[in-house]
Amino acid sequence: MSCYFVFGTPDTALRPLPLAPALLLLACSDYDLTGKPDEGEGGEECVLDLPPGEAIAVTDDCSLEREPGAFEPEVEWRWDAASLVPGYDDPMMMPAVGDVDGDGMPEVVVTTFADRAYTSDGALFVLSGDDGHEELGVLDVGGYAPYGSGGVALGDVDADGTPEIVTTTTDSRLIALHADGNLVWATEARGSDFSAATHPSIADLDGDGMPEVIAGRAIFDGATGALVGAGAYGDGGYASISAVADLDLDGQQEVVAGNAAYRRDGSTVWVREDVTDGWPAVADFDDDGLGEVVNVEPSGGTVMLLDTDGATLWGPVSVPGGGGGPPTVADFDGDGSPEIGVAGGAYYTVFDTDGAVLWSMPTQDASSQRTGSSVFDFEGDGRSEVVYADELTLWVFDGATGDVRLAWDEHASWTLFEYPVIVDVDADGASEIVFMSNDGIYEGWQGITAVSDASESWAPTTPTWNQHAYHITNINDDLSVPAHPTMNWLTGHNSFRAGGLRERPGIPAPDLAPHIADVCWTCTSGQQVEVAVQVDNKGTEDVNTTVVAGLWARTTDGDVLVDAVTWPLGVAAGTRSDAVALGGDLTGATVIELWVRVDDPDAWAAVGLSGAVEECEELNNAVVQGTDGCG
């Protein structure tokens, strides 16, 4: 048994290796270091050994980097015809996403209405994130009917390890249920504190391990549904969509309405009675480490920014085209500071950190003029894109300029306060856009659609978007509620209604490397060489197409391609191929070294084929063995 060195070169061009490349590894075979065969008894002629293939170890992190951000959308699935409750296939609310039954696959939870009756009793559906099939569809939950366009929040509200679904009823109460439709609790009716169209929030306000459920300015115990507090002023604007944040970092989260902030018991932290109640969002706009409040007032069509204590920082500023939905906060332009996105009746507008208009793009929402939006960094480049659905189009705008990245016309909505969400809805490691449609005024589209990128190039994200006032750190992936969440702006996100990035998995890739199993020199008449070559695939992906290798000789007169061979069926990941013989006549040549290169372009040409294998590692495609031939 003799040993030889395997070499690579930093020059990724596929050409003969230099004499002094970088050393990679030491390997062994049954021939001596001169390249002459180990002689048999009595000087027997060498017989080339051609061993069979075998299993080998793989390199677990063998992958190729994904090229992010291409917008080649395709429908992953669409649910547009209710079967468990026929006719109730028109949603008009933000779809909530999370694993509510603990099976490892997220679900999409929505309320729906029939025959345009969005202000009446409706249905609640739980859809599989995998393909959109119905897991639950009910008109009645323990004697209570879901409101036809009521909001949904997901979370383990009673801290028992099983997530609950929270939604509203027509008489302005909240109900909590499990994924199987069984009622957990129902609150008292509180029409003076929140609208039936509210989108509730879930948070552990006092950090005691038992969450609270918030609707408008009413605060309920997560374990029982009992009222624990109610504010006296704002309730989060039209439809009562309030937010939760620890504005002053005192360890106690506040309920934030547009013009007021409340403690868990409903007592007032601060109030601005001179400011009209509106839609809130929270982020750190002045880099002081504390939270500031965005207030969008849709009736007057204005946006303003309030400090941690409620003092005015700027505004009110008019929303172009009037109206204005729940605000979205993110670093739209990649400048390191947060901006505010607002959907109005005729334009989608992004306001800079100081309130100036960064850009405004025409849209169409004459229905409510109050739709929401979301943002996500599809490229993973630090600049967010806007995702927004108006009456007829699902839009994706470039965050910095407003340029249209996507205009998807397979959509229609009567519009209320809904917005698309960006989640890993099917737990496949890639992001999807999940949005609702209805045929309230425009025929042709209804239900829930999940759209993915055809090349799965969008940056990965979380499998959870649990509520309208979502801000990444408010919920865990398993829908448990953090007792002491780190405020979003302290984690590097500094966003509201924005999707969070996850580490981007690479694309599984092959890693081909030649292995010399044996070498024979025949020196009785001239100088002939035979080499037994196998190909290793140390990668994580099979090569199912032809693999080519070439045998080279370096001589005193130059480099010579001696032979080329193919493995037509490729090489599976984690295997070493059967050995194949390569050889040729080198009579008269002074041979310095031999090497074998897999995926060699000259070898491809020699066998009359073309191609190349994209690998996670290209520097191990050659193995070099010094020899003096028959000298």
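Residues numbered from 1 in each chain as written. Predicted model: local features only at pLDDT ≥ 70, side-chain atom pairs only at ≥ 80, totals over all residues. Heavy atoms only, no water.

*Asks:* So what about the overall build of the chain? Which residues, and what values?
*Replies:* Broken down by element type, the chain carries one helix and 45 strands. Rg of the C-alpha trace for the chain: 32 Å, well past the compact-globule value of 25 Å for 631 residues, more than 25% over. On the principal axes, the C-alpha backbone points of the chain span a range of 105 × 50 × 50 Å. Relative to its full complement of 631 residues, the chain shows a buried share of 58%. Partitioning the intrachain contacts of the chain with sequence separation of at least 6 by distance along the chain shows that 62% fall at a separation of at least 24. (Helix = DSSP H or I, 4+ residues; strand = E, 2+ residues; numbered from the N terminus. Rg over C-alpha atoms; globule rule 2.2 N^0.38 Å. Buried < 20%, exposed > 50% of the residue type's maximum accessible area, 1.4 Å probe, protein only. Contact = heavy atoms within 4.5 Å.)

*Asks:* Let's hear about the sheet that holds strand 25 (residues 312-318): which residues, and what values?
*Replies:* Taken together, the four strands give an open sheet; going across it, the order is 22-23-24-25, and neighbouring strands pair in antiparallel fashion. Only two strands of the sheet have a single neighbouring strand rather than two, namely strand 22 (279-283) and strand 25. Neighbour to neighbour, the strand axes of the sheet diverge by 15 degrees on average, direction disregarded. Note that strand 23 (residues 292-297) and strand 24 (residues 302-306) share five bridges and pair antiparallel. Paired with V296 across the bridge in strand 24 is V303. (Pairing = 2+ DSSP bridges. Axes fitted to C-alpha atoms, helices over the stretch in contact; angles between N-to-C directions.)

*Asks:* Quick rundown of the domain arrangement of the chain? Include the residues and the values.
*Replies:* For the chain, the assigned domains read domain 1 (54-64 + 508-625) and domain 2 (73-453). The C-alpha-based centres of domain 1 and domain 2 are spaced at 58 Å. (Domains from an automatic or database assignment.)

*Asks:* Describe the state of the cysteines, and please don't skip the residues or the numbers.
*Replies:* On inspection of all chains with the given rule, the structure shows two disulfides. With its sulfur 2.1 Å from that of its partner, C62 forms a disulfide with C616. What sets the handedness of the C62 and C616 disulfide is the S-S torsion sign, and at about -105 degrees it is left-handed. One end of the pair, C62, is in the loop between strand 3 (54-55) and strand 4 (63-64); the other, C616, is in the loop between helix 1 (601-606) and strand 45 (622-626), with 554 residues separating them in the sequence. The class of C62 is buried, set by a relative accessible area of 2%. Each sulfur in the disulfide pair C523 and C630 lies 1.8 Å from the other. One disulfide, between C523 and C630, carries an S-S torsion of -80 degrees and so falls in the left-handed class. (Disulfide = S-S within 2.5 Å.)

*Asks:* Explain the side chain of N295 to me, and be specific about the residues and the numbers.
*Replies:* Tracing the backbone shows N295 in strand 23. Judged by relative accessible area, N295 falls into the buried class, the value being 2%. Within the local environment of N295, its side chain forms a polar contact with the backbone oxygen of T276, the two atoms lying 3.1 Å apart. Polar contacts involving the side chain of N295 include one to the main-chain amide nitrogen of G278, which spans 3.1 Å. In this structure, N295 is in contact with G258, V275, T276, D277, G278, W279, T302, V303 and M304, ignoring residues within four places of it in sequence. (Polar contact = N/O pair within 3.5 Å; in protein donor to acceptor, adjacent residues only side chain to side chain.)

*Asks:* So what's going on with the side chain of D99? Residues and values would help.
*Replies:* Here D99 shows up in the loop between strand 6 (96-98) and strand 7 (107-112). At 12 Å, R502 is the nearest oppositely charged side chain to D99, a buried residue that forms no salt bridge. At 3.5 Å, the side chain of D99 forms a polar contact with the backbone nitrogen of D101. Side-chain polar atoms of D99 contact the backbone nitrogen of G104, separated by 2.8 Å. (Lys, Arg positive; Asp, Glu negative; His and termini not counted. Salt bridge = Lys/Arg side-chain N within 4 Å of Asp/Glu carboxyl O.)

*Asks:* Describe the pattern of salt bridges, with residues and values.
*Replies:* When the charged atoms of two side chains lie near each other, side chains of opposite charge can form a pair. Throughout the structure, instances matching the rule amount to 16 salt bridges. Residue R576 is joined to D536 by a salt bridge in which the shortest nitrogen-to-oxygen separation is 2.6 Å. One end of the pair, R576, is in strand 42 (residues 575-576); the other, D536, is in strand 39 (residues 528-537), with 40 residues separating them in the sequence. The same class applies to R576 and to D536, which are both buried. Of the charged contacts in the structure, one is a salt bridge between E593 and R554, with a shortest N-O distance of 3.4 Å. Placement of E593 in strand 44 (residues 591-598) and of R554 in strand 40 (residues 547-555) is noted, with a sequence separation of 39 residues between them. Across the pair, exposure class does not vary: E593 and R554 are buried alike.

*Asks:* Describe a negative patch on the surface, listing the residues and the values that go with them.
*Replies:* Residues E74, D101, D103, D130, D131, E135, D428 and E456 make up a contiguous surface patch of negative charge. Within the secondary structure, D130 sits in the loop between strand 8 (123-128) and strand 9 (134-138). Take D130: its relative accessible area is 42%, and that puts it in the partly exposed class. (Patch = residues over 30% accessible without salt bridge, like charges linked within 9 Å, V, L, I, M, F, W, Y side chains within 5 Å. Areas by Shrake-Rupley, 256 points an atom, 1.4 Å probe, with all protein chains shown as cover. Charge placed at Lys NZ, Arg CZ, Asp CG, Glu CD.)

*Asks:* Hey, could you go over the sheet that holds strand 19 (residues 254-256) for me, with residue numbers and the actual values?
*Replies:* In space, the four strands of this open sheet follow the order 18-19-20-21, with antiparallel pairing throughout. Across the chains shown, the open sheet's two edge strands, defined by having one partner strand only, are strand 18 (243-245) and strand 21 (268-271). Ignoring strand direction, the axes of neighbouring strands in this sheet form an average angle of 20 degrees. Two elements, strand 19 and strand 20 (residues 260-262), share two bridges in a ladder whose sense is antiparallel. Across the sheet, residue V256 finds its bridge partner in strand 20, namely A261.

*Asks:* Let's hear about the packing of aromatic side chains: which residues, and what values?
*Replies:* Counted according to the given criterion, the structure contains 15 aromatic pairs. On the basis of an interplanar angle of 15 degrees and a centroid distance of 5.4 Å, the ring pair of W395 and F397 is categorised as stacked. Grouping residues by exposure puts W395 and F397 together as buried. An aromatic cluster of three or more residues is present, and its members are Y348, W359, Y388, W395 and F397. Residue placement shows R116 over the ring face of W414; its charged tip is 4.3 Å from the ring centre. (Phe/Tyr/Trp six-rings, centres within 6.5 Å; stacked < 30°, edge-to-face > 60°. Lys NZ or Arg CZ within 6 Å of the ring centre and 35° of its normal.)

*Asks:* Tell me about the nonpolar core, and name the residues and values.
*Replies:* Residues V108, I165, F378, I433 and I448 are the most contacted members of the largest nonpolar core, which totals 67 residues. Among the elements that line this core, the one with the most residues is strand 8, at five residues. Discounting chain neighbours no more than four positions away, the residues touching I165 are V100, V109, L124, V126, V152, A153, L154, I175, A176, L177, H178 and A179. Ranked by size, the runner-up nonpolar core spans 39 residues in total, among them W270, W279, V282 and A283. (Core = buried A, V, L, I, M, F, W, Y, C linked by side-chain atoms within 4.5 Å.)

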